[in-house]
Amino acid sequence: TDAESKQDIDTIDRNAQRLLLLVNQILDERKIDKNQMHLHCQKTQLREFLNGIISLYRFNAEERNIALSLQEDASLNDANGKLPVWIDRINFDKVISNLLSNAMKYTPEGGHILFRVDGSAKRHGELQHLRIIVRDDGLGMSKDYLATIFDSFTREESSLTNKVQGTGLGMAITKNLVDLMGGTISVESELGTGSTFIVDLDFP
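Procedures and definitions
Chains are numbered independently. Their residues run from 1 in the order of the written sequence. Per-residue local features are limited, in this predicted model, to residues with pLDDT of at least 70; the limit for side-chain atom pairs, both in listing and counting, is 80 or more; totals at the level of whole chains, interfaces and linings are taken over all residues. Side-chain metrics in this entry use all non-hydrogen atoms of the structure; hydrogen atoms and water are not considered. Pairing between strands is defined by DSSP: at least two bridges between the two strands are required. Numbering of helices and strands starts at the N terminus; helices are DSSP runs of H or I of at least 4 residues and strands are runs of E of at least 2. Where helices are involved, their axes are fitted lines through C-alpha atoms of the stretch in contact, as for all axes, and angles between N-to-C directions lie from 0 to 180°. In this description, contact between two residues means that some pair of their heavy atoms is separated by no more than 4.5 Å. We call a set of buried residues a nonpolar core when its members are Ala, Val, Leu, Ile, Met, Phe, Trp, Tyr or Cys and they connect through side-chain atoms within 4.5 Å of each other. The cut-offs for exposure are 20% and 50% of the maximum accessible area for each residue type, with area from a 1.4 Å probe on protein chains only; residues under the lower value are buried, those over the upper are exposed, and the others partly exposed. In a left-handed crossing the near helix is turned counterclockwise from the far helix by less than a right angle, and in a right-handed crossing that turn is clockwise. Classes in brief: Ala, Val, Leu, Ile, Met, Phe, Trp, Tyr, Cys and Pro nonpolar; Asp, Glu, Lys and Arg charged; the others, Gly included, polar.

Caption draft 1: Representation of the sheet that holds strand 5 (residues 128-136) in the model. The strand order across the open sheet formed by five strands is 2-4-5-7-6, and the pairing between neighbours is mixed. In this open sheet, the two strands that pair with only one neighbour each are strand 2 (67-72) and strand 6 (184-190). Taken pair by pair, the neighbouring strands of this sheet meet at an average axis angle of 10°, ignoring direction. Relative to strand 2, helix 2 (residues 46-63) is tilted by about 170°, and along the sheet it contacts strand 2, strand 4 (112-118) and strand 5.

Okay, here's the thing in structure tokens:
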């Protein structure tokens with residue numbers, strides 16, 4: 001029937017997207033391992049850039065009845081209401097998208113995700129410091145798994161997390177990209193209460 005055909009096509013499409021994601025992640029991992037990943041920075045209006053990324057996840061969050069909120073402090077505005085910084089848009093986008101995708105995957109229906117950007121810390125010379133926080137009240141992680149979360153091909157194994165699709169590469173790539181940009185990433189988590197990822201970066 002037409003309904004069955006559409007369901008089959010949707011299944012093929014989803015599997016193709018997962019395969020493409022895996023291939024792209026493996027390619028990124030290999031580039032980083034071989035020091036072939038380079039930054040290409042462009043002048044970017046930070047607020048507009050972040051809002052553009054968040055908007056891609058809001059629809060998915062609404063579909064799953066997840067509250068996705070964005071908090072930005074006043075330091076992200078200059079006199080013209082904008083803060084221009086020099087960033088590698090593609091790789092910075094990957095960092096934020098990986099964190100948000102991870103939070104979406106492990107936050108059940110009715111949950112909450114907070115995306116906060118704080119630029120209030122003291123500047124380092126001509127560099128603008130940014131702290132990015134992604135906090136969810138989802139499944140959380142065990143202390144044992146936290147020690148390996150940024151290793152390649154590692155995932156938390158439990159009856160709940162095994163139901164979630166994943167490659168085990170997202171957080172490893174995120175950590176490597178943050179390192180490439182000269183920043184740091186840390187995580188706080190507890191089973192059953194959610195996770196908080198904190199990224200600190202400095203941009204011209």
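Next comes the rest of the description.
Caption draft 2: Structural view of the nonpolar core. Membership of the largest hydrophobic core comes to 40 residues, with the highest contact counts inside it found for Phe92, Leu100 and Phe115. Setting aside chain neighbours within four positions, we find phenylalanine 92 in contact with Leu46, Phe49, Leu50, Ile87, Ile132, Met181, Leu201 and Phe203.

Caption draft 3: Highlighting the packing of helix 3 (residues 89-105) against helix 5 (residues 170-180). Orientation of helix 3 relative to helix 5, taken along the N-to-C sense of each, is 145°, at an axis distance of 9 Å. Note that helix 3 runs across helix 5; the crossing there is left-handed. Residues Asn91, Lys94, Val95, Asn98, Leu99 and Asn102 of helix 3 form the contact with helix 5, whose participating residues are Gly170, Met171, Ile173, Thr174, Leu177 and Val178. Here the residues of the contact of helix 3 with helix 5 are counted per class, giving six nonpolar, five polar and one charged.

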